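Summary of the model geometry
The primary structure of each chain is shown beneath.
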Amino acid sequence: MWGLVRLLLAWLGGWGCMGHLTALVQARTGSQGRSGPTLLRTRRSWVWNQFFVIEEYAGPEPVLIGKLHSDVDRGEGRTKYLLTGEGAGTVFVIDEATGNIHVTKSLDREEKAQYVLLAQAVDRASNRPLEPPSEFIIKVQDINDNPPVFPLGPYHATVPEMSNVGTSVIQVTAHDADDPSYGNSAKLVYTVLDGLPFFSVDPQTGVVRTAIPNMDRETQEEFLVVIQAKDMGGHMGGLSGSTTVTVTLSDVNDNPPKFPQSLYQFSVVETAGPGTLVGRLQAQDPDLGDNALMAYSILDGEGSEAFSISTDSQGQDGLLTIRKPLDFETCRSYSFRVEATNTLIDPAYLRRGPFKDVASVHVAVQDAPEPPAFTQAIYHLIIPENKAPGTLVGQVSATDLDFPASPIRYSILPHSDPERCFSIEPEDGTIRTAVLLDRETHVWHNLTVLATELDSSAQASQVQVAIQTLDENDNAPQLAEPYDTFVCDSAAPGQLIQVIQALDRDEVGNNSRVSLQGPLDPNANFTLRDNRDGSASLMLPSRPAPPRLAPYLVPIKLWDWGQPALSSTATMTVSMCRCRPDGSVASCRPEAQLSPTGLSTGALLAILTCVSTLLALVVLYVALRRQKQEALMVLEEEDVRENIITYDDEGGGEEDTEAFDIMALQNPDGAAPPAPVRRDVLPRTRAPRQPRPPGPSDVAQLLALRLREADEDPSMPPYDSVQVYGYEGRGSSCGSLSSLGSDCEAGGASGPTEPTDDWGPLFCTLAELYGAKEPPAP
């Protein structure tokens, strides 16, 4: 019976529970064969262990994977088996009566490798647990169902060209989701599918390496390598996955520069100046970046002096330029060699050198019309000063390089000789003086001489002519400055008063040493000692100078040692002053005489300044007053020379007391004396109105009074009167002169209310104008 149980468990895969069953069987067998006391092990009610299910199992469903059984189950149908835990009821089901466990669907170990479940036996009728629940595991057994994958692919790698065999490029890594602890499902082997024979891969580690030497980037720069990873140790039936590795060869300096041609020919016009580009030389280097940088140089030949070569900003081309001016008449062509060299050379690749190349260059010089050429680049001429106008200074000469016999015309540019000190012969370039030259005024004269071809005025050239004026002894020495010094009245005999400097405007070296000599009289108040260096010391003699108010005048004679010797006489002023103990001047005698009160020069100047300021203020005040009086006069446009009476307003007659002050007309006898006020404007104050209207005799007296005042007042204008009279209206014997209030406008008679002959001689003209009758209207 136990043998059948063992076979059943073996079929179910429950080998793990054999120990318990075997022990149980042995215990029972021993109790039957021996007569001694029976020793029984405490047995467990459950007989169980791990169960296994093959993943992706494709058999009929549901698939029996094991059986649970309790010894409490007597086969009477009272025991019910329950299953709980992961996947219970969905993935795994149990037969409640028999305890058989089935799986309902195929499982994937890569999704879940095992399931933990809980088994329990209960009474079918009461659901009372017959045994405590027990936990068991169902493991999913792995099969090779996942191919290897490269999670980081595709790969990119770089390796220097010309690398040795076995140089590591990159490592690739594949992952297999199968169980690495069960069989060879996850054991990977790497191989190269594409990329041979250039690269190889380590089967175990996946490291890609170079397989051949001297791979040249210039031949092939990029390689595509396909790497395969296969499980099952690479055996047949295993699954595989692949990835790509893009390998780029980086550049090294393994190629020397090379000229595409051995001879370069250029041409250039002779008038092209230094720095002019003649041509480009292009050496070729298949390398890249700094490995392709080149430097150019001229090796030999006559071209190294006339031309120079440099590298352009990209470091590739050689730029051939002119180094010095070319002359077709002197040299018509140049031939030389140029070398191109790599600037960066890798010692590891010297065997592939030399890293340079040489090419020949031929430059032809083309003839062109040229301006005249002077025999010297700059002329330096000399002329003594004070020479008569027309004296020969020197000569400049230029020739036509294209036609040497062609005549040349010379001239001096005006801006270089603004004072017209020189002249030049147009035919032969002879330069002469035009005025007397003074070295002390101008030592150098810089002229610009222009040479022009007579046949072509456009062909002209210039040259600088520097003329130096040589010195002659034509200036007598003189004192360097006017000396006006003082001496203290307490000075000791023999004291130094002043050091005097002499000046000779002639050039140093032309015997321009100056000697000085003072008074020769032994009784002189001062002595002068020549220092023999162009200076002299003024000193007090052993006998002190007698004090006096006026300053001393010391005569000084100066002469030089030129040929001929020139001399001059100067006078130095020395004042006798009273000094303080520290030697500073307190006062000099001439000042004390001029200001006995003891005022200093500064005090006198301050007083004079104050007086001048006061005078200026007085003058300004008078000018302002005069300007104010002139402003009171009638403006020119208000000139009323021909009018005696001026009306500025139309009022209501004598009843209108708001317009003007008519007190003077109403009471001429009691009028106040004339006041200096303006009467051609509206008065600011008005006198009270007098009720008595004046008669005609009052007006005549008032006019006579105003006329006399105007004649006797010199400040009044030179015409008759500018008085303003506000006396008019119905109270006047002559009536209103305004047309606004006349009887004509009112519809009355056109004549006056009384005869005009009674107005008197002063109103004759007015009576004639007013009494004239107008012709009737047509």
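A brief report on the enclosed structure follows. All residue numbers refer to positions counted from 1 along the written sequence of the respective chain. pLDDT decides what is reported in this predicted model: residues at 70 or higher carry local features, side-chain atom pairs at 80 or more are listed and counted, and totals for whole chains, interfaces and linings draw on all residues regardless. Excluding hydrogens and water, the side-chain figures rest on all heavy atoms present in the structure.

1. Considering the overall build of the protein
Secondary structure is summarised from DSSP: a helix means a run of H or I of at least four residues, a strand means a run of E of at least two, and numbering begins at the N terminus for each. Summing up its helical and strand segments, the protein has nine helices and 39 strands in all. Categorising residues by exposure relies on relative accessible area from a 1.4 Å probe, with only protein chains included: less than 20% of the type maximum marks a residue as buried, more than 50% marks it as exposed, and the intermediate range marks it as partly exposed. Here the protein holds 778 residues, and 35% of them are scored as buried. Throughout, a residue-residue contact means that at least one pair of heavy atoms, one from each residue, lies within 4.5 Å. Sequence-distant contacts in the protein: of pairs separated by 6 or more residues, those separated by 24 or more amount to 66%. Throughout, the Shrake-Rupley method with a 1.4 Å probe supplies accessible areas, and for residues the shown protein chains are the sole cover considered. Of the roughly 46000 Å² of accessible surface on the protein, a fraction of 55% belongs to carbon and sulfur atoms.

2. Quick notes on the sheet that holds strand E21 (residues 356-366)
What makes two strands pair is DSSP finding at least two bridges between them. Ordered by their spatial adjacency, four strands build an open sheet running E15-E21-E20-E17, and the pairing between neighbours is mixed. With partners counted over all chains shown, the strands left at the sheet margins are strand E15 (263-269) and strand E17 (294-301), one partner each. Ignoring which end each strand starts from, the neighbouring axes of this sheet average 30 degrees apart. Across nine bridges, the pairing between strand E20 (residues 333-342) and E21 is antiparallel. Looking across to E21, one finds that Tyr-334 is bridged to Val-363. Every axis in this analysis is a line fitted to C-alpha atoms, fitted for helices over the stretch in contact. Angles between the N-to-C directions lie between 0 and 180 degrees.

3. A short note on the sheet that holds strand E7 (residues 134-141)
Whenever strands of a sheet pair, they do so through backbone hydrogen bonds, lying parallel or antiparallel. Within the open sheet, the four strands sit side by side as E1-E7-E6-E3. Their pairing is mixed. Strands at the two margins of the open sheet, each flanked by one partner only, are strand E1 (51-54) and strand E3 (79-85). Strand after strand, the sheet turns through a mean of 30 degrees between neighbouring axes, direction not considered. Alignment of strand E6 (residues 114-123) against E7, held across six bridges, turns out to be antiparallel. Counted as the bridge partner of Leu-118 is Glu-135 from E7.

4. What about the state of the cysteines?
Two cysteine sulfurs form what is called a disulfide whenever their separation falls within 2.5 Å. According to the stated counting rule, one finds one disulfide in the structure shown. Paired through a disulfide, Cys-488 and Cys-579 show a sulfur-sulfur distance of 1.9 Å. Here Cys-488 and Cys-579 share a disulfide; its torsion about the S-S bond, -90 degrees, makes the bridge left-handed. With Cys-488 in strand E32 (residues 484-488) and Cys-579 in strand E38 (residues 567-579), the pair connects residues that are 91 residues apart, well separated along the chain. Looking at Cys-488, the relative accessible area reads 16%, which means it is buried. Judged by relative accessible area, Cys-579 falls into the buried class, the value being 15%.

5. Looking at a nonpolar patch on the surface
Here the term patch refers to residues with relative accessible area over 30% and no salt bridge, with like charges joined within 9 Å and nonpolar side chains (Val, Leu, Ile, Met, Phe, Trp, Tyr) within 5 Å. Salt bridge, as used here, is a side-chain nitrogen of Lys or Arg placed within 4 Å of a carboxyl oxygen of Asp or Glu. Together, Leu-604, Ile-607, Val-611 and Leu-615 line one region of the surface with nonpolar side chains, adding up to about 340 Å² of accessible area. Examined against the element boundaries, Leu-615 turns out to sit in helix H5 (residues 601-631). On the basis of relative accessible area, Leu-615 is assigned to the exposed category, the value being 55%.

6. Quick notes on the pairing of strand E14 (residues 240-250)
For strand E8 (residues 155-160) and E14, the ladder comprises six bridges, and the chain directions are parallel. Within E14, the position partnered with Thr-158 by the bridge is Thr-248. Examined bridge by bridge, strand E13 (residues 222-230) and E14 share nine bridges and lie antiparallel to one another. Paired with Lys-230 across the strands is Ser-240, a residue of E14.

7. So, the side chain of Thr-485
One can find Thr-485 in strand E32. For Thr-485, a relative accessible area of 9% puts it in the buried group. Dropping the residues within four chain positions of it, Thr-485 is found in contact with Ile-497, Gln-498, Met-572, Thr-573, Val-574 and Ser-575.

8. What about unusual backbone geometry?
With an omega dihedral of -5 degrees, the bond running from Gly-153 to Pro-154 counts as a cis peptide bond. That bond from Leu-196 to Pro-197 is cis: its omega, 5 degrees, falls within 30 degrees of zero. The residue Pro-197 is located in the loop between strand E10 (189-194) and strand E11 (199-201) in this model. With a phi close to 65 degrees, Met-162 is a non-glycine residue in the positive phi region. Turning to its location among the elements, Met-162 is positioned in the loop between E8 and strand E9 (168-171). Owing to a relative accessible area of 7%, Met-162 belongs among the buried residues under this scheme. One non-glycine residue, Asn-386, adopts positive backbone phi at about 65 degrees. If you trace the backbone, Asn-386 turns up in the loop between strand E23 (378-384) and strand E24 (392-395).

9. Some remarks on the pattern of salt bridges
Enumeration over the complete set of coordinates arrives at nine salt bridges. A salt bridge links Arg-78 to Asp-123, with the nearest nitrogen and oxygen atoms 3.9 Å apart. Highlighted residues: Arg-78 in the loop between strand E2 (63-67) and E3 and Asp-123 in strand E6, separated in sequence by 45 residues. The class of Asp-123 is buried, set by a relative accessible area of 8%. One salt bridge connects Arg-280 with Asp-317, and the closest N-O pair in it is separated by 3.2 Å. Remark: Asp-317 occurs in strand E19 (residues 317-322) and Arg-280 occurs in strand E16 (residues 277-282); sequence separation between them is 37 residues. Exposure remark for Arg-280: the relative accessible area of 40% places this residue in the partly exposed category. Residue Asp-317 is classed as buried on the basis of its relative accessible area, which comes to 14%. One continuous salt-bridge network, built from bridges that share partners, spans Arg-217, Glu-218 and Asp-251.

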